[in-house]
Amino acid sequence: MMENWDLYLNLFWTFFKIGLFGFGGGYAMLSLIQHDVVEVHHWISVSDFTDIVAISQTTPGPIAFNTATYIGYTATGSVWGSFICTVAVSLPSMILMTLVCRFFFAFRNNFYVDAALKGLKPAIIGLIAAAALLLLNQRNFIDYKSWIIFALVFGASIRKIDPILLIVLAGIAGYFLY
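Before going into details, it helps to say that this report is about the structure given with it. Since the structure is predicted, the reported quantities are computational estimates derived from the model, not experimental observations.

Quick notes on the rules
- Residues numbered from 1 in each chain as written.
- Predicted model: local features only at pLDDT ≥ 70, side-chain atom pairs only at ≥ 80, totals over all residues.
- Heavy atoms only, no water.
- 1 Å grid on protein atoms, 1.4 Å probe; cavity = no way out; pocket = protein on both sides within 12 Å on 5 of 7 lines; lining within 4 Å.
- Points joined across faces, edges and corners; volume = space filled by probe spheres on them.
- Helix = DSSP H or I, 4+ residues; strand = E, 2+ residues; numbered from the N terminus.
- Nonpolar A, V, L, I, M, F, W, Y, C, P; charged D, E, K, R; others polar.
- Axes fitted to C-alpha atoms, helices over the stretch in contact; angles between N-to-C directions.
- Parallel < 35°, antiparallel > 145°, perpendicular 65-115°, else oblique.
- Left-handed = near helix turned anticlockwise from the far one by under 90°.
- Contact = heavy atoms within 4.5 Å.
- Salt bridge = Lys/Arg side-chain N within 4 Å of Asp/Glu carboxyl O.
- Buried < 20%, exposed > 50% of the residue type's maximum accessible area, 1.4 Å probe, protein only.
- Patch = residues over 30% accessible without salt bridge, like charges linked within 9 Å, V, L, I, M, F, W, Y side chains within 5 Å.
- Areas by Shrake-Rupley, 256 points an atom, 1.4 Å probe, with all protein chains shown as cover.
- Expected span 1.5 Å × (residues − 1).
- Arc of directions from axis to C-beta.

If you add up the space inside the largest pocket, you get close to 1600 Å³. If you go around the largest pocket, you meet 37 residues; those closest to its centre are Gln57, Leu135, Phe150, Val153 and Ile167. At the level of secondary structure, the elements contributing two or more residues to the lining of the largest pocket comprise helix 2 (26-40), helix 3 (46-58), helix 6 (111-135), helix 7 (144-158) and helix 8 (163-177). Considering each element in turn, the lining of the largest pocket owes the most residues, eight residues, to helix 8. Taken together, the residues of the lining of the largest pocket sort by class into 25 nonpolar, 10 polar and two charged.

As structure tokens, then:
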């Protein structure tokens, strides 16, 4: 069942830290996840990470939870790995939101709380940009056709075209082009 306790504890601690410091949602967490999972621990390869992100984006649910679930299974070959990573990445949010909801209304007009929230906005944008830049690599953009698909989807998303439609159309384009 759970033979390798060190791996499971490492996965829990890694995803707990990601959940604790991953402000800005799942996309902002992707650069943190890739750094720890691919570069530090070598649990999966860069191409596996890219595939997991693509699958996580197309399946229902938050991308951070889906990514944690897939990585947990890939790293351990077990449902327990998925369970541990998913719980670990969501636990800090549950704890923090419980505390925030309890005290937010008492401190919502506090100067320091307002200043802290204003300071987090640029950091969140930076983390999301870092996640996007990490995915711009030769493994994801193998030729000019992949850049064309990227440019068309990027342009359409700026024009607020439905993301689900863009995913389906990009999948169809990839099927016929490759």
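So that's the structure; there's more coming.
Below, the discussion takes up the packing of helix 1 (residues 5-21) against helix 5 (residues 79-107). Contact pair helix 1 / helix 5: the axes reach a minimum separation of 8 Å and the direction vectors enclose 30°. Here helix 1 lies roughly parallel to helix 5, going by the angle between them. Considering the relative orientation of helix 1 and helix 5, their crossing is right-handed. Taken together, the residues of helix 5 that come into contact with helix 1 (itself represented by Tyr8, Leu11, Phe12, Phe15, Phe16, Ile18, Gly19 and Leu20) are Trp80, Gly81, Ile84, Cys85, Ala88, Val89, Leu91, Pro92, Ser93 and Leu96. When the residues that make up the contact of helix 1 with helix 5 are grouped by side-chain class, the tally is 15 nonpolar, three polar and no charged.

As enumerated under the stated definition, the model contains one salt bridge in all. For Lys118, the salt bridge is made with Asp114, and the minimal N-O distance between the two is 3.3 Å. A residue pair is termed a helical-turn pair when its members lie 3 or 4 positions apart in one helix, as Lys118 and Asp114 do in helix 6 at four residues. Given the relative accessible area of 34%, Asp114 is considered partly exposed.

To continue, consider a nonpolar patch on the surface. Taken together, the side chains of Ile161, Ile164, Leu165, Val168, Leu169, Ile172, Tyr175 and Phe176 present a nonpolar region at the surface, about 840 Å² in accessible area. Following the sequence through the fold, Phe176 ends up in helix 8.

Let's shift gears to the environment of Val89. You can see Val89 is positioned in helix 5. Residues Val89 and Leu11, spaced 78 residues apart in sequence, show a C-alpha to C-alpha distance of 9.8 Å. Excluding residues that lie within four positions of it along the chain, Val89 makes contacts with Phe15, Ile18, Gly19, Met29, Ala64, Phe65 and Ala68.

Look at helix 3: 19 Å from first C-alpha to last across 13 residues, which is about the 18 Å you get at 1.5 Å a residue. For helix 3, the full list of buried residues reads Phe49, Thr50, Ile52, Val53 and Ser56. Along the axis of helix 3, the buried residues cluster in a sector spanning 165°; they form a single face. Where helix 3 is buried, its residues contact helix 2, helix 4 (63-76) and helix 6.

Our focus in this paragraph is the packing of helix 2 against helix 6. Orientation of helix 2 relative to helix 6, taken along the N-to-C sense of each, is 60°, at an axis distance of 7 Å. In this view, helix 2 runs oblique relative to helix 6, as classed from their interaxial angle. As helix 2 runs across helix 6, the sense of the crossing is left-handed. The segment helix 2 lies against helix 6, with Tyr27, Ala28, Leu30, Ser31 and Gln34 engaging Ile124, Leu127, Ile128, Ala130, Ala131 and Leu134. Looking at the contact of helix 2 with helix 6 residue by residue, the classes come out as nine nonpolar, two polar and no charged.

A few words now on the side chain of Ser82. Looking at where Ser82 falls in the secondary structure, it is placed in helix 5. Not counting chain neighbours up to four residues away, the residues in contact with Ser82 comprise Thr69, Gly72 and Tyr73.

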